[in-house]
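Topology and contacts: notes
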Amino acid sequence: MQALDRIFVALSDPNRRRMAERLSRGPATVKQLAEPVEMRLPSAVKHLKVLEDSGIVVSRKDGRARTYSLQPAALMLIADWVRDREAALNAAFDRLEAAMREIPEEETGP
């Protein structure tokens, strides 16, 4: 569960979510990620460090530039968690429906 907690913490910040959304369209440099949100490069690097530590992104050095890419496997942890919650909720509703069927309907007067 620790990995999932780190992912949710990383995505709790709107700037980091924007960066992840941008990276879903393909790799980008720190500058490319910082410019649209008018963020200074040192701040962008700090946000990207949180994303990288959570496993959402990976980086590689290309000469002097660092390029970041999204790691879909990390997002699959979220998808699996949501799917499990959905299954539990559906099972609870199925039990509720079955219990409601067992309750006799009240007759209404003339």
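Residues numbered from 1 in each chain as written. Predicted model: local features only at pLDDT ≥ 70, side-chain atom pairs only at ≥ 80, totals over all residues. Heavy atoms only, no water.

This next bit is on the nonpolar core. Leu51 and Ile56 are the most contacted members of the largest nonpolar core, which totals 21 residues. A per-element tally of this core places helix 1 (residues 2-11) first, with four residues. (Core = buried A, V, L, I, M, F, W, Y, C linked by side-chain atoms within 4.5 Å. Buried < 20%, exposed > 50% of the residue type's maximum accessible area, 1.4 Å probe, protein only. Helix = DSSP H or I, 4+ residues; strand = E, 2+ residues; numbered from the N terminus.)

Here we take up the pattern of salt bridges. Under the definition given, this model contains five salt bridges. Salt-bridge contacts for arginine 83 lead to aspartate 80; the nearest nitrogen and oxygen are separated by 2.8 Å. Here arginine 83 and its partner aspartate 80 are both found in helix 5 (residues 72-102), three residues apart, which amounts to about one turn of the helix. Judged by its relative accessible area of 46%, arginine 83 is partly exposed. Residue classification places aspartate 80 among the partly exposed residues on the basis of a relative accessible area of 33%. Between arginine 101 and glutamate 97 there is a salt bridge whose closest N-O contact spans 2.8 Å. Taken together, the residues arginine 101 and glutamate 97, both in helix 5 and four residues apart, mark about one turn of the helix. (Salt bridge = Lys/Arg side-chain N within 4 Å of Asp/Glu carboxyl O.)

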